[in-house]
Amino acid sequence: GEKMPAAIHYGPVPVFEVEQASLEVHIIDADIIETPEEISIELVKRLRDIGHIPSIEALKKQIGEDVSAAREILRGV
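Model, not experiment: these values are computed from the prediction.

Q: Help me understand the pattern of salt bridges, please; the structure alone is not making it clear to me.
A: Between side chains of opposite charge, a pair can form as their charged atoms come close. Within the structure shown, the criterion is met by seven salt bridges. The salt bridge involving Asp66 is made with Arg48; its shortest N-O contact spans 2.8 Å. A residue pair is termed long-range when its members are at least 10 positions apart, and Asp66 in helix α1 (residues 56-75) and Arg48 in the loop between β2 (18-27) and α1 qualify at 18 residues. On the accessibility criterion, Asp66 (14% relative accessible area) is buried. The partly exposed category is assigned to Arg48, whose relative accessible area is 35%.

Written out as structure tokens, the structure is:
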């Protein structure tokens with residue numbers, strides 16, 4: 001029943017050449033010890049389109065920027 005801010009990715013992962021859609025949920029500023037059996041997701045705002053990211057280092061940088069943007073958006077929710 002606890003609400004937690006998160007950044008979510010849904011779709012292919014081009015940097016790893018994965019074309020099948022996946023759902024990834026990055027909980028912001030929390031350590032999850034046990035994976036919950038069930039979660040509910042409330043989408044608030046779309047950050048960006050999926051695009052080509054040339055390397056894992058570039059992906060890490062982009063994820064950091066996305067998490068920062070999500071943190072700011074969710075601060076007022």
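Q: What's the story with the pairing of β2 in this structure? I'm lost.
A: Two faces belong to every sheet, and in a regular strand the side chains alternate between them. Relative to β2, strand β1 (residues 6-13) is paired through seven bridges, and the arrangement is antiparallel. The residue bridging Ile8 from the neighbouring strand is Val25, located in β2. Counted along the chain from β1 to the antiparallel partner β2, the turn is four residues long, and its residue Glu17 has a positive phi close to 60°.

Q: Can you help me understand α1 in this one?
A: The periodicity of an α-helix, 3.6 residues per turn, causes residues three or four positions apart to be oriented the same way. Helix length check: α1 (20 residues) gives 28 Å between terminal C-alpha atoms against 28 Å at 1.5 Å per residue, within 8%. Of the positions making up α1, those classed as buried are Leu59, Asp66, Val67 and Ala70. All buried residues of α1 fall inside an arc of 105° around its axis, so they share one side. Opposite the buried face of α1, by more than 90 degrees, sit the exposed residues Glu57, Lys61 and Arg75.

Q: How should the environment of Asp66 be read in this particular structure?
A: For the pair formed by Asp66 and Ile8, sequence separation is 58 residues and the distance between their alpha carbons is 9.3 Å. Apart from residues lying up to four places away in sequence, Asp66 is in contact with Leu47 and Arg48.

Q: Please clarify how the environment of Ile8 should be interpreted in this entry.
A: Examined against the element boundaries, Ile8 turns out to sit in strand β1. As for Ile8 and Ala70, which are separated by 62 residues in sequence, their C-alpha atoms are 9.2 Å apart. Discounting residues that sit within four places of it in the chain, Ile8 has contacts with Leu23, Glu24, Val25, Ile41 and Leu43.

Conventions used here
- Residues numbered from 1 in each chain as written.
- Predicted model: local features only at pLDDT ≥ 70, side-chain atom pairs only at ≥ 80, totals over all residues.
- Heavy atoms only, no water.
- Salt bridge = Lys/Arg side-chain N within 4 Å of Asp/Glu carboxyl O.
- Helix = DSSP H or I, 4+ residues; strand = E, 2+ residues; numbered from the N terminus.
- Buried < 20%, exposed > 50% of the residue type's maximum accessible area, 1.4 Å probe, protein only.
- Pairing = 2+ DSSP bridges.
- Expected span 1.5 Å × (residues − 1).
- Arc of directions from axis to C-beta.
- Contact = heavy atoms within 4.5 Å.

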